[in-house]
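# Residue-level structural notes
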Amino acid sequence: MTIQEAVSELIRMKPYLEESLADGLINTSALARQLTEEVSRMTDKKANKGAVVMAIQRHQPGKLTSVKIKAGNLIKGLTNIIVRSDISVFTYANTSSLPGRLAELSALFSKTKGLFYTFSQGAFETTIILNQTAEPELERVLKHENQIATTGDLACITLYLPDENTEIAGYYYYILKLIAWEGINLIEILSTTNEFTLILAEEDVDKAFSVLKNARNKR
């Protein structure tokens, strides 16, 4: 293995490192100091720091950079970003009686125009996300079910995605990275083929919306 091959392999093992290099955010000399010992081990000969620096500078961005470009271009095609406030999340243990009661809730909620609600069933528990105005009905219908957790004072941001989103690897990664780098915590994530919904604290929604809007409008 050559020094160039060793350096490229080490960089590609760390996607965030490769992305930061592509963006010019990494000091190549400092990075070379960290990689030199491992490069020496991989090539079975003592590597010179200067040679490692040169290998870093010659490194060709891999698939991650291509993913970033494609995802970045696609996010500019977002047609709608919708924000909803006053959201709560409830989680219940799965039981034999829960599906019937969820069907009853769905029938009740469907009568209220504009009410946001959704159910997400896992192997052992089910999460219900809805407007806080619907909480009394939910608690009445599910009063005999085993409630595991509840979180209030939330909001959600729904992105209406371009049809080709399912053909772009890393599209969700690109969106979630934008949110994570701003230190915004996500409570839940929901998705359908062309919709992607982020559930987060009410206090974080303005910041998250600005991040997504700026990414869409970036040229």
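Now for a quick tour of the structure. (Residues numbered from 1 in each chain as written. Predicted model: local features only at pLDDT ≥ 70, side-chain atom pairs only at ≥ 80, totals over all residues. Heavy atoms only, no water.)

## Quick look at the nonpolar core
Put simply, the test is: Residues grouped as a nonpolar core are buried Ala, Val, Leu, Ile, Met, Phe, Trp, Tyr and Cys residues, joined through side-chain atoms within 4.5 Å. Only protein chains enter the accessibility calculation, which uses a 1.4 Å probe; a residue is then buried when its area is under 20% of its type maximum, exposed when over 50%, and partly exposed in between. Runs of E in the DSSP output that reach at least two residues are strands. Runs of H or I that reach at least four are helices, and both are numbered from the N terminus. Should any heavy atoms of two residues lie within 4.5 Å, those residues are counted as being in contact.
Ranked by internal contacts, the top residues of the largest apolar core, which has 21 residues, are Ile 75, Leu 78, Ile 157, Leu 159, Ile 175 and Leu 212. Elements represented by at least two residues in this core include exactly strand 4 (147–160), helix 8 (171–180), strand 6 (195–201) and helix 9 (205–217). Leave out the neighbours within four places in its chain, and Ile 75 touches Tyr 171, Tyr 174, Ile 175, Leu 178, Ala 215 and Arg 216. Formed by 16 residues, the second largest nonpolar core is a distinct cluster that contains Leu 17, Met 42, Val 52 and Ile 56.

## Notes on the sheet that holds strand 1 (residues 80–93)
Sheets are built from strands that pair by backbone hydrogen bonding, the pairs being arranged parallel or antiparallel. Convention followed: By this definition, two strands are paired if DSSP reports at least two bridges between them. Axis lines are fitted through C-alpha atoms, for helices just across the contact stretch, and the angle between N-to-C directions can take any value from 0 to 180 degrees.
Pairing is antiparallel in the open sheet, where six strands are placed in the order 2-3-1-4-6-5. Of all the strands in the sheet, just strand 2 (117–121) and strand 5 (186–191) have a single pairing partner and so form its edges. Adjacent strand axes in the sheet meet at a mean angle of 30°, parallel and antiparallel pairs treated alike. Looking at chain direction, strand 1 and strand 4 are connected through 10 bridges and run antiparallel. The residue of strand 4 that forms the bridge with Ile 81 is Leu 159. Strands in contact with helix 6 (residues 98–109) are strand 1, strand 2 and strand 3 (125–131); relative to strand 2, the strand with the most contacts, it is inclined by about 165°.

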